[in-house]
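Each chain, written out:
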Amino acid sequence: MLAEFLDGTVTVTVRDEGPGIPEGRLEQAAADGRMGVARSIRGRMAELGGQVSIVSVPGQGTEVEITLTA
């Protein structure tokens, strides 16, 4: 995990080397009504004016970057 504060912007980055998230999995979960990532992370950050980026490659891990300007 890396946390940075620069020019009034906080960025938190979390990376792992796990199995990754299969392509389309987050979208399918949202379509099925499972809103964990959509509401818990993306939704809350959107309410605060922040941004979330999730990059995942199956078999290579996942990186989540959360950015919020204070």
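Not measured: the values here are computed from a predicted model. Here, residues in each chain are numbered from 1, in the same order as that chain's written sequence. Only residues with pLDDT of at least 70 get local features here, since the model is predicted, and only at 80 or more are side-chain atom pairs given and counted; chain-wide, interface and lining totals rely on the full set of residues. Side-chain calculation: all heavy atoms of the structure are included, whereas hydrogens and water are not.

### Quick notes on the overall build of the protein chain
At step 1: Under the DSSP-based scheme used, a helix requires at least four consecutive residues in state H or I and a strand at least two consecutive residues in state E, with every element numbered from the N terminus. A count of helices and strands for the protein chain gives 2 helices and 4 strands.
At step 2: Secondary structure of the protein chain in N-to-C order comes out as β-β-α-α-β-β.
At step 3: Structurally, the protein chain occupies a C-alpha span of about 35 × 25 × 10 Å along its principal axes.
At step 4: Relative to its 70 residues, the protein chain shows a buried fraction of 11%.
At step 5: In the protein chain, once contacts between residues fewer than 6 apart in sequence are set aside, the share between residues at least 24 apart is 55%.
At step 6: The accessible surface values rely on the Shrake-Rupley method and a 1.4 Å probe; as for residues, cover is taken only from the protein chains in view. A total accessible area of about 5,100 Å² is found for the protein chain, and carbon and sulfur atoms account for 53% of it. Each residue gets one of three labels from its accessible area relative to the maximum for its type: buried under 20%, exposed over 50%, partly exposed in between, using a 1.4 Å probe on protein chains only. Only heavy atoms matter for contacts: two residues are in contact if any of them lie within 4.5 Å across the pair.

### So, the sheet that holds strand β3 (residues 51–57)
At step 1: The strand order across the open sheet formed by 4 strands is β1-β2-β4-β3, and the pairing between neighbours is antiparallel. The open sheet has two edge strands with one neighbour each: β1 (2–6) and β3. Between one strand axis and the next, the sheet turns through 10° on average, direction left out of account.
At step 2: In terms of strand pairing, β1 meets strand β2 (residues 9–16) through 5 bridges, oriented antiparallel. For Phe5, the partnering residue across the bridge sits in β2 and is Val10. At least two DSSP bridges between two strands are required for those strands to pair. With axes taken as lines fitted to C-alpha atoms, and helix axes fitted only over the stretch in contact, angles between N-to-C directions fall between 0 and 180 degrees.

### Remarks on the environment of Gly61
At step 1: When you line up the elements, Gly61 lands in strand β4 (residues 61–69).
At step 2: Sequence separation between Gly61 and Phe5 is 56 residues, and the spatial gap between their C-alpha atoms is 25 Å.
At step 3: Beyond its immediate stretch of four places on either side in the chain, Gly61 contacts Asp16, Glu17, Gly18, Pro19, Gly20, Val55 and Ser56.

### Let's talk about unusual backbone geometry
At step 1: Of note, the phi angle at Asp7 is positive, near 50°, even though the residue is not glycine.
At step 2: Within the element layout of this structure, Asp7 appears in the loop between β1 and β2.
At step 3: On the basis of relative accessible area, Asp7 is assigned to the exposed category, the value being 73%.

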